[in-house]
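Single-letter residue listing:
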Amino acid sequence: MEAYERIKYYREKILGISQAKFAKKLKISASNYSNIEIARVTLTNRVLIDICEAYNLNEDWVKYGKEPIEKPKSREAEMLDFLKKINLEDNIIAQRFILSLSKLNFEEWLLLDKMISNYIKINKEANNLKNIVNNKTDDELSREEIHKLIDFELDQVEKGKTSSVSTSINSVDKEKLKNKRA
């Protein structure tokens, strides 16, 4: 695939915008841009750089097809894009949530960070167990896998949380296994 073909692919398949709209951001005519896409006009280095800057494209991808397609954004740029998106979409819930976050003090941020870390840890453990369970029937689960499943569910019950990992092992079987381990 040539550079002009990658640009066309990006415009059509990823952005889903017209040639005219794409060209407008580059400050070139739609007909000139159209000619670039069909290789009637050579893609100059200046236009290639303009395209990469305007659309945050990785120049190596445009020239050689080397991933990633887009340049990585800074954390600040991602945050600004996110805030712009929320504002443009009129997402009242997200706006209210962001406004609430803006009013947190340092201790509240620490608490929120701890809560998020715990959520991520629990979610990761649950997903690992779901992968074990989803890929096997109850009869195919090893004794160790059943123990992990039971331990996780008991931990969640002790913490006052429910788990969606449960298999069809009934509570009597779980209680027997728990007592055997003790």
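Up top is the structure.
Just so we're clear, the structure is a prediction, and the values are computed from it rather than from any experiment.

**Q** I tried to follow the side chain of Arg6 on my own but got confused; where do I start?
**A** Residue position: Arg6 is located in helix H1 (residues 3-15). Although Arg6 is buried, it forms no salt bridge, and the closest oppositely charged side chain is Glu2 at an N-O distance of 6.0 Å. Polar side-chain contacts of Arg6 include one of 2.7 Å to the backbone oxygen of Lys63. Every residue in contact with Arg6, bar those within four places of it in the chain, is listed here: Met1, Trp61, Val62, Lys63, Tyr64 and Gly65.

**Q** Explain the packing of helix H2 (residues 19-26) against helix H4 (residues 45-55) to me, please; I cannot follow it from the model alone.
**A** The description of two helices packed together rests on the angle between their axes and the distance between the axes. Packing of H2 against H4 brings their axes to within 9 Å, and their N-to-C directions diverge by 100 degrees. When the interaxial angle is binned, H2 and H4 end up roughly perpendicular. Contacts between H2 and H4 involve Lys21, Phe22, Lys25 and Leu26 from the former and Asp50, Ile51, Ala54 and Tyr55 from the latter. Here the residues of the contact of H2 with H4 are counted per class, giving 5 nonpolar, no polar and 3 charged.

**Q** Is there a simple way to think about the pattern of salt bridges in this case?
**A** Opposite charge on two side chains permits them to pair, given that their charged atoms come into close proximity. In total, this model carries 5 salt bridges according to the counting rule given. Notably, a salt bridge pairs Glu37 with Arg11, separated by 2.5 Å at the nearest N-O pair. Here Glu37 is found in helix H3 (residues 30-37), whereas its partner Arg11 is found in helix H1, with 26 residues between them in sequence. Residues Glu37 and Arg11 agree in their burial class; the two are buried.

**Q** So what exactly am I meant to see when it comes to H3 here?
**A** Of the residues making up H3, those classed as buried are Tyr33, Asn35, Ile36 and Glu37. Looking at the buried residues of H3, the elements they touch are H1, H2 and H4. Once H3 finishes, Ala39 follows within two positions and takes phi at roughly 65 degrees, a positive value.

**Q** Even after reading the chapter, I still don't get a nonpolar patch on the surface, so can you show me in this structure?
**A** Residues Met1, Tyr9, Ile14 and Leu15 make up a contiguous nonpolar surface patch of roughly 380 Å² in combined accessible area. Positionally, Met1 belongs in the segment before H1. Judged by its relative accessible area of 64%, Met1 falls in the exposed class.

**Q** Looking at this structure, I do not really get the nonpolar core. What am I missing?
**A** Nonpolar side chains tend to gather and get buried jointly when the protein is soluble and globular. Phe22, Leu43, Ile51, Leu57 and Val62 are the most contacted members of the largest nonpolar core, which has 20 residues in total. With 5 residues, the top contributor of residues to this core is H4. Excluding its chain neighbours within four sequence positions, the residues that come into contact with Leu57 are Tyr10, Ile51, Cys52, Val62, Ile69, Glu70 and Lys71. Grouped together as the second largest cluster of nonpolar side chains are 5 residues, Ile122, Ala126, Leu149 and Phe152 included.

**Q** Help me understand the packing of H2 against H3 in this model?
**A** Remark: H2 packs on H3, axes separated minimally by 8 Å, with the N-to-C direction vectors making an angle of 110 degrees. With respect to each other, H2 and H3 are oriented roughly perpendicular. Every residue of H3 that contacts H2 at Gln19, Ala20, Phe22, Ala23 and Leu26 is listed here: Ala30, Tyr33, Ser34 and Glu37. Across the contact of H2 with H3, the residue classes tally to 6 nonpolar, 2 polar and 1 charged.

Rules behind the numbers
Residues numbered from 1 in each chain as written. Predicted model: local features only at pLDDT ≥ 70, side-chain atom pairs only at ≥ 80, totals over all residues. Heavy atoms only, no water. Helix = DSSP H or I, 4+ residues; strand = E, 2+ residues; numbered from the N terminus. Buried < 20%, exposed > 50% of the residue type's maximum accessible area, 1.4 Å probe, protein only. Lys, Arg positive; Asp, Glu negative; His and termini not counted. Salt bridge = Lys/Arg side-chain N within 4 Å of Asp/Glu carboxyl O. Polar contact = N/O pair within 3.5 Å; in protein donor to acceptor, adjacent residues only side chain to side chain. Contact = heavy atoms within 4.5 Å. Axes fitted to C-alpha atoms, helices over the stretch in contact; angles between N-to-C directions. Parallel < 35°, antiparallel > 145°, perpendicular 65-115°, else oblique. Nonpolar A, V, L, I, M, F, W, Y, C, P; charged D, E, K, R; others polar. Patch = residues over 30% accessible without salt bridge, like charges linked within 9 Å, V, L, I, M, F, W, Y side chains within 5 Å. Areas by Shrake-Rupley, 256 points an atom, 1.4 Å probe, with all protein chains shown as cover. Core = buried A, V, L, I, M, F, W, Y, C linked by side-chain atoms within 4.5 Å.

These figures come from the coordinates and say nothing about function on their own.
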